[in-house]
Structures are given as C-alpha cells and as structure tokens.
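# A structural walkthrough
Chain by chain, the residues run as shown.
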Amino acid sequence: GMSKSKTPTSFLYIRSDKGSRRIQISLRMQKVAICLSSGANHGKSTSLKKLGYLLIGELCTEREILKVFDYRGVQVGISSSGDYLDYFKPGFDHLIASECDIVVCACRSKGAAADYAYNTSKNMGYEVIWMGAAVDYGNSFQDICNNQIANAIKGIIDEIIDNQ
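Description of the structure in this document.

How each quantity is defined
- Counting restarts for each chain: residues are numbered from 1 in the order of the written sequence.
- A pLDDT threshold of at least 70 governs which residues receive local features in this predicted model, and a stricter bar of 80 or more applies before side-chain atom pairs are shown or counted, although totals over entire chains, interfaces and linings include all residues.
- The basis for the side-chain values is all heavy atoms of the structure; hydrogens and waters are excluded.
- Working definition: a disulfide is two cysteine sulfur atoms within 2.5 Å of each other.
- Each residue is placed in one exposure class: buried if its accessible area under a 1.4 Å probe, protein chains only, is under 20% of its type's maximum, exposed if it is over 50%, and partly exposed if it falls in between.
- In this text, helices come from DSSP runs of H or I with a minimum length of four residues, and strands from runs of E with a minimum of two, each type numbered from the N-terminal end.
- In a helix, the anticipated span is given by 1.5 Å times the number of residues less one.
- DSSP bridges decide pairing: two strands pair if at least two such bridges lie between them.
- In this analysis, axes come from line fits to C-alpha atoms, helices being fitted only over the stretch in contact, and the angle between any two N-to-C directions falls in the range 0 to 180 degrees.
- In what follows, residue pairs with any heavy atoms lying within 4.5 Å of each other are defined as contacts.
- Note on angle classes: values under 35 degrees are labelled roughly parallel, values over 145 roughly antiparallel, values of 65 to 115 roughly perpendicular, and the remainder oblique.
- Crossing handedness follows the turn of the near helix against the far one: under a right angle anticlockwise gives a left-handed crossing, and clockwise gives a right-handed one.
- Lys, Arg, Asp and Glu make up the charged group, whereas Ala, Val, Leu, Ile, Met, Phe, Trp, Tyr, Cys and Pro make up the nonpolar group; the residues left over, Gly among them, are polar.

## Description of the state of the cysteines
Inspection of the entire model under this criterion finds 0 disulfides. Summary of cysteine pairing: Cys-35 is not part of a disulfide, and the nearest cysteine sulfur, belonging to Cys-105, is at 3.4 Å. With relative accessibility at 0%, the residue Cys-35 sits in the buried group.

See the structure below:
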C-alpha cells in the first residue's frame, strides 16, 4: 500500500512570543472514483483488465479484475464486477477499504450498483468521474473500442497524477 512516508509533506512554522513551533501538513491528493458505466456485455470488464495491463503490465486471466497497486506513487484500485449490487459491492468496498487514491470500477448505467458507486464515492470524499463504454454493434471493432477506453482511463489517471 501507500505508506505514510510516501505522502508528500510540508512544514509550516508558526512563530509567536511563546517561541516557534512546527506543524506538519499532509498534502494528500483529491481522491477520484472513475466509474465505467454502460449496458451489459459492452466490454467494461475487458476494458478494465486491459487498463490493469497498461498500468502494471500484468495480464488478468480471470473473468473479472480486482486489484490494488501502486502506480506512480499513487494507490490505485480496479474492480470490474459491476452488473448487480451483490457482485459490485464486495470489490468496490475492498478498494475503498484499501484507501485507494484512485478507484476505477464498472457498473451498469442505472440501478443499485450505479447508485451505490456514486453515493459511496461521494460520502468517502471521492470526486466522481462517470464515463461510458464504447460499443460496436457489429462486433468487428469491439476490441479496438475496449483498447481505447482503457487508454482513455489511463490518460485521465496520468493527467490527474501529473496535476498533483
């Protein structure tokens, strides 16, 4: 996980007639939840598994990905189980409990899992980025669509980290 020593720190010196003292200020980043949302079988899990590969070079061979890792000094978590709340909640809760700075999850466009993702993120101090999948209704280009969604999320994560 992200150890406390990795958190950037600033020191503020306060001087008064009683002498000076040093106060430590922690500069934690604004936490972000990126929710990939679309209908069933639109490539959400595949896109998030590709994202995991882009970020840490590990191929996920499972049906779903659930992973917490350090990426560029930031704690990132990915959970792709999202169709129904019963499947969504355990993975998502694990990412929140792991104190991820950036959470990436998948859920249907509407319903209990989407509501839970949004409300829990907000309540836990995460800014929410909601994005849709790219769907090819002919299927010839679905792989390209999934790759580009993975690239787009990686781009968002990289820019968020760059702007810290």
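## A word on helix α4 (residues 142-162)
Here α4 contains 21 residues, and its C-alpha end-to-end distance of 30 Å stays within 8% of the 30 Å for a straight helix at 1.5 Å per residue. What α4 keeps buried is the set Gln-142, Cys-145, Asn-146, Ile-149, Ala-150, Ile-153, Ile-157, Asp-158, Ile-160 and Ile-161.

## Structural notes on the sheet that holds strand β3 (residues 32-37)
The pairing of strands in a sheet happens through backbone hydrogen bonds and is either parallel or antiparallel. Strand order in the open sheet formed by 5 strands is β4-β5-β6-β3-β7, with mixed pairing between adjacent strands. Lying at the two open borders of the sheet, with one neighbouring strand each, are β4 (66-71) and β7 (127-132). Neighbouring strand axes in the sheet, compared pairwise and without regard to direction, differ in orientation by 15° on average. Bridge analysis of β3 against strand β6 (residues 102-107) gives 6 bridges, and the strand direction is parallel. The residue bridging Ala-33 from the neighbouring strand is Val-103, located in β6. Across the sheet, helix α2 (residues 85-97) lies against β4, β5 (74-79) and β6, angled at about 175° from β6, the strand it touches most.

## Focus on the packing of α2 against helix α3 (residues 112-123)
One can describe the packing of α2 onto α3 by two numbers: an axis separation of 9 Å at closest approach and a directional angle of 25°. Here α2 lies roughly parallel to α3, going by the angle between them. Along this stretch, α2 crosses α3, giving a crossing that reads as right-handed. Within the contact between the two elements, α2 uses Leu-85, Phe-88, Lys-89, Phe-92 and Asp-93 and α3 uses Ala-112, Ala-113, Tyr-116, Ala-117, Thr-120 and Ser-121. Grouping the amino acids of the contact of α2 with α3 by side-chain chemistry returns 7 nonpolar, 2 polar and 2 charged.

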